[in-house]
Amino acid sequence: MTINEQPSASSAQPSEPASEPASEQPSEPATAPASAQASEPATTAPARPVALITGVGRSIGIGAGIARQLAASGWDIAFTYWTPYDRRMEWGAEDGAAGSIARELEDAGARTAAIEADLTGPDAPIRIFDEAEQRLGPVTALVLSHAESVDSGLLDTTVEAFDRHFAVNTRASWLLIREYGLRFRGEPGSKPGEPGTATGRIVALTSDHTVGNLPYGASKGALDRITLAAAHELAHLGVTANVVNPGPVDTGWMNDELRDALTQGTPLGRLGTPRDTAHLVDFLCSPQGQWVNGQLLKSNGGAAS
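Residues numbered from 1 in each chain as written. Predicted model: local features only at pLDDT ≥ 70, side-chain atom pairs only at ≥ 80, totals over all residues. Heavy atoms only, no water.

Asks: I keep staring at helix H5 (residues 124-135) and nothing clicks. Help me out?
Replies: One turn of the α-helix equals 3.6 residues, which is why residues spaced by three or four share an orientation. Its twelve residues give H5 an end-to-end C-alpha distance of 17 Å, which sits within 8% of 16 Å, the value for a rise of 1.5 Å per residue. Regarding H5, the residues found buried are Ala124, Pro125, Ile128, Phe129 and Ala132. Summarising the axial view, the buried residues of H5 lie within an arc of 130°, below the 170-degree limit, and thus occupy one face. Taken together, the buried residues of H5 touch strand E1 (50-54), strand E2 (76-81), strand E3 (112-116), strand E4 (141-144) and helix H6 (159-183). Just downstream of H5, Gly137 is the residue with a positive phi angle, here 115°. (Helix = DSSP H or I, 4+ residues; strand = E, 2+ residues; numbered from the N terminus. Expected span 1.5 Å × (residues − 1). Buried < 20%, exposed > 50% of the residue type's maximum accessible area, 1.4 Å probe, protein only. Arc of directions from axis to C-beta. Contact = heavy atoms within 4.5 Å.)

In structure tokens form, the structure reads like this:
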């Protein structure tokens, strides 16, 4: 962001008092109107692009970490959350999380729109985009960090659980990507489809954890394919699309035994953090990240799959 230059008033005064009548004073008045004092026209700060991030329901979550990083990098942030999901999980709902996250982003200079949305409904993506655009403007980057994740394996997964995972993790993600593609028009002056002018961004978070977690892993695998297809099908719009696997990130869902085992399996001797994932997403959403496209990227510290 460029800092506006302050207008400078003219400092040249007549060298001697004028002896002519007042009507014949020098053409430049001693005190010019404010509009005539600026040596250069004032510039306005460029508008911040808008990122829509799903799954920002808890302050310690990956979605919230991504929102903080993008806000610090100059983005306005629309985000979704769904409190009933957190309430039925073992970690429980965080009271007032959406409001506190929004205030934190606003302190970083971002305009925000917190949108509560149940992604099991097929109409939710249209409503989400409508509200985000009405409150903040067109969406430039779509970051999919929401998830339905309830552990179950091949033999004990119910049809209801299987369908719910695919409704949230796969169908909702497809519908969000489709809605983004239908609405995205690029930045003013950009020429979609020409080299070096990719301005739109899609980033989806995934997981390869399928053993003992069948509906979650399988629905995330389908999400991968949809997102990578978008890299090709939306290329004419100037949109890049990538998938990020953040590896094991402890956001409150691990027990001590699992935490220790995963830490030992990572060469760097620690677990991932939301900030680790956020740095990669921030790069992918930046102009410098436009050449990375159609990739499934592992940001897991070298953890074994």
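Asks: What's the story with the sheet that holds strand E7 (residues 296-298) in this structure? I'm lost.
Replies: The pairing of strands in a sheet comes from backbone hydrogen bonds and takes either a parallel or an antiparallel form. Ordered by their spatial adjacency, seven strands build an open sheet running E3-E2-E1-E4-E5-E6-E7, and the pairing between neighbours is parallel. Strands with a single pairing partner mark the edges of an open sheet, and in this sheet they are E3 and E7. Between one strand axis and the next, the sheet turns through 15° on average, direction left out of account. Bridge count between E1 and E4: four bridges; the pairing is parallel. Bridge assignment links Ile53 to a residue of E4, and that residue is Val143. Contacting E1, E2, E3 and E4, H5 crosses the sheet at an angle of about 160° to E3. This element, helix H9 (residues 274-285), spans E4, strand E5 (200-205), strand E6 (239-245) and E7 of the sheet and lies at about 155° to E5. (Pairing = 2+ DSSP bridges. Axes fitted to C-alpha atoms, helices over the stretch in contact; angles between N-to-C directions.)

Asks: I would appreciate a short explanation of the nonpolar core in the present structure.
Replies: Nonpolar side chains tend toward joint burial in soluble globular proteins. The biggest cluster of nonpolar side chains holds 30 residues, and the ones touching the most others in it are Ile128, Leu142, Tyr180 and Ile202. Secondary structure elements with two or more residues in this core: E1, E3, H5, E4, H6, E5, helix H7 (214-233) and E6. Examining the composition of this core, we find that five residues originate from one element, H6, more than from any other. Setting aside residues no more than four positions away along its own chain, Ile128 makes contact with Leu52, Thr80, Ile115, Ala117, Leu119 and Leu176. In terms of nonpolar packing, the next biggest core, distinct from the first, is built from 28 residues, Leu70, Tyr81, Ala110 and Val203 among them. (Core = buried A, V, L, I, M, F, W, Y, C linked by side-chain atoms within 4.5 Å.)

Asks: How should I be thinking about the packing of helix H2 (residues 62-72) against H9 in this particular structure?
Replies: How two helices sit against one another is set out by the angle between their axes and by the gap between those axes. Look at H2 against H9: their axes get within 8 Å of each other, and the N-to-C directions meet at 50°. Classed by the angle they form, the pair H2 and H9 counts as oblique. Note on packing geometry: the crossing formed by H2 with H9 is right-handed. Contacts between H2 and H9 pair Ile62, Gly65, Ile66, Gln69 and Leu70 from the former with Pro274, Thr277, Ala278, His279, Val281, Asp282 and Cys285 from the latter. Its residues assigned to classes, the contact of H2 with H9 comprises seven nonpolar, four polar and one charged. (Parallel < 35°, antiparallel > 145°, perpendicular 65-115°, else oblique. Left-handed = near helix turned anticlockwise from the far one by under 90°. Nonpolar A, V, L, I, M, F, W, Y, C, P; charged D, E, K, R; others polar.)

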